[in-house]
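Structural overview for review
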2 protein chains.
Amino acid sequence: MNKNYYCIIMAGGTGRRFWPYSRKELPKQFLDFFGTGKTMLRMSYERCEGLVAPENIYVTTHIDYTDIVKEILPELDEQQIITEEERRNTAPSLAYASHVIQKSNPDATILVIPSDQLILNVDNFKRAMLKGLDFASNSGKLINIGIKPTRPETGYGYIQIDDEERDGDFCKVKTFIEKPALEFAEVFVQGNEFYWNSGIFIWHVNTIMKAFHENMNDVCPDLECDTPNFSSCPNISIDYSIMEKANNVYLQICDFGWADIGTWQSLYDASPKDVNHNVILNSNSLLYGCNNNVILMPKDKLLVAEGLEDYIIAEHKNVLLICKKDNQSAIRKYVNDTEMKFGEDYV
Amino acid sequence: MNKNYYCIIMAGGTGRRFWPYSRKELPKQFLDFFGTGKTMLRMSYERCEGLVAPENIYVTTHIDYTDIVKEILPELDEQQIITEEERRNTAPSLAYASHVIQKSNPDATILVIPSDQLILNVDNFKRAMLKGLDFASNSGKLINIGIKPTRPETGYGYIQIDDEERDGDFCKVKTFIEKPALEFAEVFVQGNEFYWNSGIFIWHVNTIMKAFHENMNDVCPDLECDTPNFSSCPNISIDYSIMEKANNVYLQICDFGWADIGTWQSLYDASPKDVNHNVILNSNSLLYGCNNNVILMPKDKLLVAEGLEDYIIAEHKNVLLICKKDNQSAIRKYVNDTEMKFGEDYV
């Protein structure tokens, strides 16, 4: 195992789009979503085993979740958990984590993975990540992992490649496309030019630190120190601040059964369905004339439902949510309204 | 208070049409449906206070519910609770209860009331019942309380009166009409000829015992004894076996804010509504684009719902039911399917 290979698992999200199952106090990455007996964070960690030395696996998270991370990953040393006192999205988080790793090993090449994704073919994942780590370690490129679309998904970001600058699985990125309208997504899925942006990255620590200095230099002094000041940083994603701006970004085309379980819709898309296209997640249910729903109930509860089409029916703790599956963005409003009206015990 | 006046409160039903709130183990008459702090049985009992001497109030119920009745009505003596070992509907139940009262007082006039009805104007109710008890005590008539319809309800039975044989509020009954189609109900609500069958009756004990002998004589020997044999009786209602057949049935026209809370739809009709015509029963909810629903959630649970129209959303104990409000008869199927598939803990 190459001792210069590192992994950062990002586990600081609040997962609000998955409310009410995902809660502020215990977001989805800390839950056993698929009833496998393992939380999504644990599954993400195990995906890195054998790829990166155990002592080279870092987890970034919000300070409120430190104890949960320790409980789920007791094998981590204290300094492998990088905590943030304020949520400032992925760019400040990765700038600080990269600084920490650079101090420890200036020859590090880092694989960055979210903690809330579904990867069905772990062997393929590991093989591809090793290839990417190797490429990134000596190319001076920022690698963004891209997935060949299998459906016209409008909930993901897409990346367009420049097919003329291609080196095997690695292609220069032409442009980033935010969640597209369906008519565009339908075109994207047909060609070989557009890929899902997986949110998985690989880069040499010096390459990414250079990119941070070039693109968000004003913020760096706050983060390149032993006591980072997150509160002074802008709330900004790595995609927006670095990947869409740098000109050395390459896409690695991968295929390992990937899904970003960021929303109920994406969970629906990624999950097996019954004959009426309902996704029933570890739930007892009796359905009559119900189609295309996603259902998640507590273990001890039975759902009897009639005539529901394209709904999310999710009960968790003190909240039951019944809402249209195709109106995902509304959940943010529901969560905010709930917090305002009923207090933070419900969000 | 006239010592010859008696009351029978019928409290033996299983309330399946109200599943999952009403459960085999604890049907709706034993629940505080309206969050008043009192069960429906308790409310029914208190409606008889002042009308009938406390020792003349009897409750009929299934043997499984005896302890619940005692708990709700601790003022009852043992012999005031008349238990049935088998459920055989209202006719056998009332035949036996009437026999019990006749033995104790052959001059009794009896008011029979269900334990699961809503009566908003109790003063009017008491006044009307006293009038009915007086009429029944010396007329040799069987009185069926009728309510002037206020909407074209298709869930209730109707009674047509013969306006030519009228004595104040008391009119001879022409015919009984089972739950009518909407087009008929719309006609019924307009005239003065059709009344809702309230399921409340008043009769002298000798009048009803005579009717039992005339109409179900074969059953009487099993019930006119100290150890009634319900299992040998047919499962038959008092309406079908006596009221629709006897020719001395009179309707007393009453108005006391009555509703038969027999189904979710009737509960919906009887309850106050929000601006979007939702009935929200003691439940925390945040509704978006939801109209004409009836919602009953546990006290500690929040419902957040979007885009539901004409639904029952009822959660109680280990069951969540979401089904169309206008497909009431389906609930029986849901309960049966649930019992078959998930066992009796869910019904």
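Provided above is the structure to which this section pertains.
Cut-off values and rules
Residues numbered from 1 in each chain as written. Chains lettered and ligands numbered in written order. Predicted model: local features only at pLDDT ≥ 70, side-chain atom pairs only at ≥ 80, totals over all residues. Heavy atoms only, no water. Buried < 20%, exposed > 50% of the residue type's maximum accessible area, 1.4 Å probe, protein only. Helix = DSSP H or I, 4+ residues; strand = E, 2+ residues; numbered from the N terminus. Pairing = 2+ DSSP bridges. Right-handed = clockwise from strand over helix to strand, strands pointing away. Least-squares fit on C-alpha atoms with pLDDT ≥ 70 in both. Contact = heavy atoms within 4.5 Å. Disulfide = S-S within 2.5 Å. Axes fitted to C-alpha atoms, helices over the stretch in contact; angles between N-to-C directions. Parallel < 35°, antiparallel > 145°, perpendicular 65-115°, else oblique. Left-handed = near helix turned anticlockwise from the far one by under 90°. Nonpolar A, V, L, I, M, F, W, Y, C, P; charged D, E, K, R; others polar.

**Some remarks on the pairing of strand β2 (residues 57–62) of chain B**
Both faces of the sheet carry side chains from a regular strand, because those side chains alternate between them. Residue and element names in this part refer to chain B. In terms of burial, β2 is largely enclosed, as 6 of its 6 residues are buried. Examined bridge by bridge, strand β1 (residues 5–10) and β2 share 4 bridges and lie parallel to one another. Along β2, the bridge assignment pairs Met10 with Thr60. In this view, the connection linking β1 to its parallel neighbour β2 by way of helix α1 (residues 40–48) has right-handed handedness. Where β2 and strand β3 (residues 81–84) come together, 4 bridges link them in parallel fashion. Across the sheet, His62 pairs through a bridge with Glu84, a residue of β3.

**Section: the relation of the copies chain A and chain B**
Superposition record for chain A on chain B: RMSD 0.1 Å, screw rotation 179 degrees, translation along axis 0.1 Å. Between the two chains, the operation in question is that of a two-fold axis. For chain A, the minimum C-alpha distance to the rotation axis belongs to Leu308(A) and amounts to 4.4 Å. Interface residue correspondence from chain A to chain B reaches 100%, placing this contact among same-surface, isologous pairings.

**A short note on the state of the cysteines**
Residue and element names in this part refer to chain A. Inspection of the entire model under this criterion finds 0 disulfides over all chains. The cysteine Cys254 is free of any disulfide, with Cys171 supplying the nearest cysteine sulfur at 11 Å. Look at Cys254 and you get buried, because its relative accessible area is 4%.

**Here's the deal with the packing of helix α3 (residues 90–104) of chain B against helix α6 (residues 205–215) of chain B**
All names here are of chain B. Relative orientation of the contacting elements α3 and α6 amounts to 135 degrees, with a least axis distance of 10 Å. Here α6 runs oblique to α3, going by the angle between their axes. Two packed elements cross with a definite hand, and for α3 against α6 that hand is left-handed. Residues Ala91, Leu94, Ala95, Ser98, His99 and Gln102 of α3 touch α6, and the partners they reach there are Val205, Asn206, Ile208, Met209 and Phe212. Per-class residue counts for the contact of α3 with α6 are 7 nonpolar, 4 polar and no charged.

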